[in-house]
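Coordinates in review
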Protein chains: 2
Amino acid sequence: MLWRIDFRDKRPIYEQVVSGIEDEIISGLLAPDEPLPSVRSLATDLSINPNTIQKAYRQLEADGYTYSVPGRGSFVKDTEGVKEMKKEDTLRELTALADRARELGVTEEEIQKAIKGDSHK
Amino acid sequence: MLWRIDFRDKRPIYEQVVSGIEDEIISGLLAPDEPLPSVRSLATDLSINPNTIQKAYRQLEADGYTYSVPGRGSFVKDTEGVKEMKKEDTLRELTALADRARELGVTEEEIQKAIKGDSHK
DNA sequence: CTAACCGTATTATTCGTCATAGTACAGTTA
DNA sequence: TAACTGTACTATGACGAATAATACGGTTAG
């Protein structure tokens, strides 16, 4: 586990769990058909209630990231389609944000500079 | 008033009021020292509770967008400093979003295309 | 077989935020 | 003086998030 729950975050815990695991799947750290930690063990590791993990897992399955087998566990799904959707969502966000920046009087040069921000690090 | 409350929005009402007025101030539609609608009249216009408007106005003042004079009303502040902060926030968001896009495998060309999205429409 | 795991479901309770309702007070202004 | 203004306070209802405590059936290793 690379991430932790931030209890000062205003986002609900189950949502932090969802995005934490989403990141692990998208980055390839969790490969397809690999098992996720069990509901109970992850709850223990993160010091939160098992029901909260269950809620996160239910959403991960609903979002197409995982599949569950009662008695066996939860597993990573083939995520190509989901990744494509995520890409398109991100590009749409990018367009909206750039437009909003222009409304604030940000120049094209500033936008370009922000985008190339740490690509050279 | 150019905007309305969206009751299906998951964002709280008072937050929609805050960003609605923020937009009017930033766009220059509400000029510095110009009075905002009164707590009670705006509540009537939007069909919501005056306490909700009061909460929004309290936050607008705390964020540096307005100043209030008991007995007289709420007024638009000089907003140059705030606009500068907003610009920098937006540029930081832009950098983070572009980085996230690259992690998803989005190419530089796709990023550029998204940014120039509707600048030609 | 059985004990120890798995996901899943259900009910109850607690907590905080949002929104509403009602009332009140002091300052401003026509 | 009457009608505004912002501001403050308490009470209430609704809702989501999180916890707690069980319970059930499927899977699997010893």
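See the structure shown above.
Structural notes, computed from the coordinates. Please read these numbers as outputs of a predicted model, since none were measured by experiment.

What follows concerns the overall build of chain A. Secondary structure assignment for chain A yields 5 helices and 2 strands. Written out in order from the N terminus, the α and β elements of chain A read α-α-α-β-β-α-α. The C-alpha radius of gyration computed for chain A amounts to 18 Å, which surpasses the reference 14 Å derived for 121 residues by more than 25%, pointing to a less compact arrangement than a globule. The principal-axis extents of the C-alpha atoms in chain A amount to approximately 55 × 35 × 30 Å. Relative to its 121 residues, chain A shows a buried fraction of 36%. Contacts in chain A between residues at least 24 apart in sequence constitute 46% of all its contacts with a sequence separation of at least 6. In the structure as shown, chain A presents an accessible area of about 7,400 Å², 51% of it carried by carbon and sulfur atoms. The centroid of the 18 positive side-chain charges in chain A is displaced by 4 Å from the centroid of its 23 negative side-chain charges.

Taken together, A:Asp33, A:Asp78, A:Glu80, A:Glu84, A:Glu88, B:Glu109 and B:Glu110 make up a surface patch of like negative charges. Position of B:Glu110 relative to the elements: it lies in helix α5 (residues 108–115).

On to the protein's contact with DNA strand D, then. Around DNA strand D sit 25 residues in total, of which A:Ile13, A:Asn49, A:Asn51, A:Thr52 and A:Arg72 are the nearest. Here, DNA strand D places atoms within 4 Å of the protein, and 62% of those atoms are sugar or phosphate. A distance of 3.2 Å separates a phosphate oxygen of DNA strand D from a polar atom in the side chain of A:Tyr14. In this structure, B:Arg40 approaches DNA strand D through a side-chain N or O atom, which is 2.9 Å from a base nitrogen. For the surface near DNA strand D, the secondary structure elements donating two or more residues are α1 (13–26) and α3 (50–62) of chain A together with α2 (39–46), α3 (50–62), β1 (66–69) and β2 (73–76) of chain B. Here the surface near DNA strand D is composed, by residue class, of 8 nonpolar, 11 polar and 6 charged.

This part takes up the protein's contact with DNA strand C. Taken together, 25 residues are adjacent to DNA strand C, and A:Arg40, B:Ile13, B:Asn51, B:Thr52 and B:Arg72 come closest. Put simply, 67% of the atoms of DNA strand C that lie within 4 Å of the protein are in sugar or phosphate. A distance of 2.8 Å separates a base oxygen of DNA strand C from a polar side-chain atom of A:Arg40. B:Asn51 places a polar side-chain atom, nitrogen or oxygen, 2.7 Å from a base nitrogen of DNA strand C.

Analysis parameters
- Residues numbered from 1 in each chain as written.
- Chains lettered and ligands numbered in written order.
- Predicted model: local features only at pLDDT ≥ 70, side-chain atom pairs only at ≥ 80, totals over all residues.
- Heavy atoms only, no water.
- Helix = DSSP H or I, 4+ residues; strand = E, 2+ residues; numbered from the N terminus.
- Rg over C-alpha atoms; globule rule 2.2 N^0.38 Å.
- Buried < 20%, exposed > 50% of the residue type's maximum accessible area, 1.4 Å probe, protein only.
- Contact = heavy atoms within 4.5 Å.
- Areas by Shrake-Rupley, 256 points an atom, 1.4 Å probe, with all protein chains shown as cover.
- Lys, Arg positive; Asp, Glu negative; His and termini not counted.
- Charge placed at Lys NZ, Arg CZ, Asp CG, Glu CD.
- Patch = residues over 30% accessible without salt bridge, like charges linked within 9 Å, V, L, I, M, F, W, Y side chains within 5 Å.
- Salt bridge = Lys/Arg side-chain N within 4 Å of Asp/Glu carboxyl O.
- Near = heavy atom within 4 Å.
- Polar contact = N/O pair within 3.5 Å; in protein donor to acceptor, adjacent residues only side chain to side chain.
- Nonpolar A, V, L, I, M, F, W, Y, C, P; charged D, E, K, R; others polar.

By themselves these figures say nothing about function.
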